[in-house]
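Here are the chains, one letter per residue:
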Amino acid sequence: MKKLVISLLTFISASTLCAQQNEKSITVRTETGEEEIIDLPAGMLSETDSLYLDWISKHYINPAENCTMTQDNPEVSDSAYIARLQHIPAIIEMPYNDIVRKFIDMYAIRLRQKVAFMLSANNFYMPIFEEALDLNDLPLELKYLPVIESALNPIATSRQGAVGLWQFMLRTGQLYGLTVNSLVDERRDPIKSTYAAARYLKDLYEIYHDWNLVLAAYNCGPGTINKAIRRAGGETDFWKIYNYLPSETRGYVPAFIAANYIMNYYCEHNISPLEMRLPEGTDTIHITRNLNLNQVADVCKINIDELRSLNPEFKKDIIPLSTEPYALRLPNSIISRFLENEDSIYNYKPEIYQTRRVTVKAETQSTSAKKGKSGKAVYYRIRQGDTLGGIAAKYGVSVSQLRRLNGLRGNNIRAGKSLRIR
């Protein structure tokens, strides 16, 4: 069958999107028989039809030629789940319980199309994740953390303001060296944010020396975890402080376990990843001058959406003037074209793309008061009955200005005399 390039919007059915939007929590039954509602992590709620991911799906993702994905999710016994989880080569403990099963079912049933997409998007990001984690001597299974954080969408933004693949809050991102201002948000940069996340995870492990607590702290912050530990009498086991945690954090570790499970055992659930055609290699050019991505796109003949997808950190298409260079990522085939036309790029349609004024002359009152429209001094011959205040009001100037220009101390004026207005 002929391979068709499809949009993610058409790949995900309307019913699936509806389920994603309406399912914001799961309900589990406690040992006492009571029902408990657990909020889903942001990555399980996010819609995957952003402009960024739509560009990827249209140009690099195809239906697999031997795609065997069906809507049927086979029944799996608890013992099979337990055995499969234990066979994942991981440092982080991945125990099984009813809560973990609920999250696995969420991925395997309601979010199976999203899983198929993320399995393909892995090819973009997993090499970056694995390299950063390995460099910091961290467990490689942490590479699936962005699955539950952002569904592998680098421009994802949560209701709380967390941004990017790793969902950094503003202050935390800045603490780990990510620039965030009106034009640039490096939380959306896949490489910079990944290395910042690795450093953050490493620092959290130095505090807790327990990866499940690290994951929980990554979600709700160390302060909340420390408070839960105190309320639990000093317990440092995630499952023993579970009841003292916020609703979303209670589901965070189970969701992480479920993400690792589904990304390893998708075949056993009849989920087939879409085929990914990796884009050509890219490289970066350091930019220190004001530059609009549209200038690059027009002169270098590259699609603006592709350019945005390669540089998601530039929120308004603008690379600002800076003493520290910003990295502009381009396909290898465009690099030489940029270098050959660099001056033309910077000078392309400045009246459209470089309209910000560097200096401006302010027309102050003192300047306009000295001269009339012709640039010459303006005089008025005083008539019988004129007052200084009346003349000032007539010409839109102040009484003090008239006094200063005419050497007057009071308000007395004489008819027949000339009074300088400006």
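Residues numbered from 1 in each chain as written. Predicted model: local features only at pLDDT ≥ 70, side-chain atom pairs only at ≥ 80, totals over all residues. Heavy atoms only, no water.

Comments concerning the packing of aromatic side chains
And then number 1: For the coordinates displayed, the defined rule picks out 16 aromatic pairs.
And then number 2: Ring geometry for F124 and Y125: centres 6.1 Å apart, planes at 45°, overall tilted.
And then number 3: Exposure remark for F124: the relative accessible area of 18% places this residue in the buried category.
And then number 4: Ring geometry for Y200 against Y218: centres 5.5 Å apart, planes inclined by 40°, an arrangement best described as tilted. Of this pair, Y200 sits in helix 10 (residues 190-208) while Y218 sits in helix 11 (residues 211-220); the two residues are 18 residues apart in sequence, bridging distant segments of the chain. Just as Y200 is buried, Y218 falls in that class too.
And then number 5: Put simply, the rings of Y81, Y96, Y261 and Y265 touch in pairs and so form one group of aromatic residues.
And then number 6: Stacked on the ring of Y265, the Lys or Arg R84 has its end atom at 5.8 Å from the ring centre.
And then number 7: Over the face of the ring belonging to Y346 we find R289, whose NZ or CZ atom lies 3.8 Å from the ring centre. (Phe/Tyr/Trp six-rings, centres within 6.5 Å; stacked < 30°, edge-to-face > 60°. Buried < 20%, exposed > 50% of the residue type's maximum accessible area, 1.4 Å probe, protein only. Helix = DSSP H or I, 4+ residues; strand = E, 2+ residues; numbered from the N terminus. Lys NZ or Arg CZ within 6 Å of the ring centre and 35° of its normal.)

A look at the side chain of N212
And then number 1: Turning to its location among the elements, N212 is positioned in helix 11.
And then number 2: Ignoring sequence-local partners within four residues, the contact set of N212 consists of I92, E93, F238, W239 and V253. (Contact = heavy atoms within 4.5 Å.)

Points about the environment of T387
And then number 1: The residue T387 is located in the loop between strand 9 (379-381) and helix 20 (388-395) in this model.
And then number 2: With 24 residues separating them along the chain, T387 and N411 place their C-alpha atoms 7.6 Å apart.

Some words on the packing of helix 11 against helix 12 (residues 222-231)
And then number 1: Close contact between helix 11 and helix 12 brings their axes to 7 Å; oriented N to C, the two are set at 125°. When the axes of helix 11 and helix 12 are compared, the pair comes out oblique. Contacts from L213, A216, A217 and C220 in helix 11 reach P222, T224, I225 and I229 in helix 12.
And then number 2: The residue makeup of the contact of helix 11 with helix 12, split by class, is seven nonpolar, one polar and no charged. (Axes fitted to C-alpha atoms, helices over the stretch in contact; angles between N-to-C directions. Parallel < 35°, antiparallel > 145°, perpendicular 65-115°, else oblique. Nonpolar A, V, L, I, M, F, W, Y, C, P; charged D, E, K, R; others polar.)

Digging into the packing of helix 20 against helix 21 (residues 399-406)
And then number 1: Closest axis-to-axis distance for the helix 20/helix 21 pair is 9 Å, and the angle between their directions is 105°. Relative to helix 21, the element helix 20 is oriented roughly perpendicular. Across the interface between the two elements, L388, G389, I391 and A392 of helix 20 pack against V399, L402 and R403 of helix 21.
And then number 2: For the contact of helix 20 with helix 21, the class distribution of residues is five nonpolar, one polar and one charged.

Observations regarding the pattern of salt bridges
And then number 1: Inspection of the entire model under this criterion finds seven salt bridges.
And then number 2: The salt bridge involving D78 is made with R101; its shortest N-O contact spans 2.6 Å. Of the two residues, D78 sits in helix 5 (residues 78-86) while R101 sits in helix 6 (residues 98-110), which places them 23 residues apart along the sequence.
And then number 3: Where salt bridges share partners, they join D78, R101 and D105 into one cluster. (Salt bridge = Lys/Arg side-chain N within 4 Å of Asp/Glu carboxyl O.)

Some points on the nonpolar core
And then number 1: Formed by 77 residues in total, the largest nonpolar core has its most connected members in Y107, L142, L145, W166 and Y218.
And then number 2: Counting residues per element, the ones that place at least two in this core are helix 5, helix 6, helix 7 (112-135), helix 8 (145-150), helix 10, helix 11, helix 12 and helix 13 (247-264).
And then number 3: The element that contributes the greatest number of residues to this core is helix 7, accounting for 12 residues.
And then number 4: Contact partners of W166, with chain neighbours within four places excluded, come to F129, L142, L145, P146, E149, S193, T194, A197, L201 and Y218.
And then number 5: Among the nonpolar cores identified, the runner-up in size contains 23 residues, and V299, I302, F314 and Y346 belong to it. (Core = buried A, V, L, I, M, F, W, Y, C linked by side-chain atoms within 4.5 Å.)

Read these as spatial facts, not as claims about activity.
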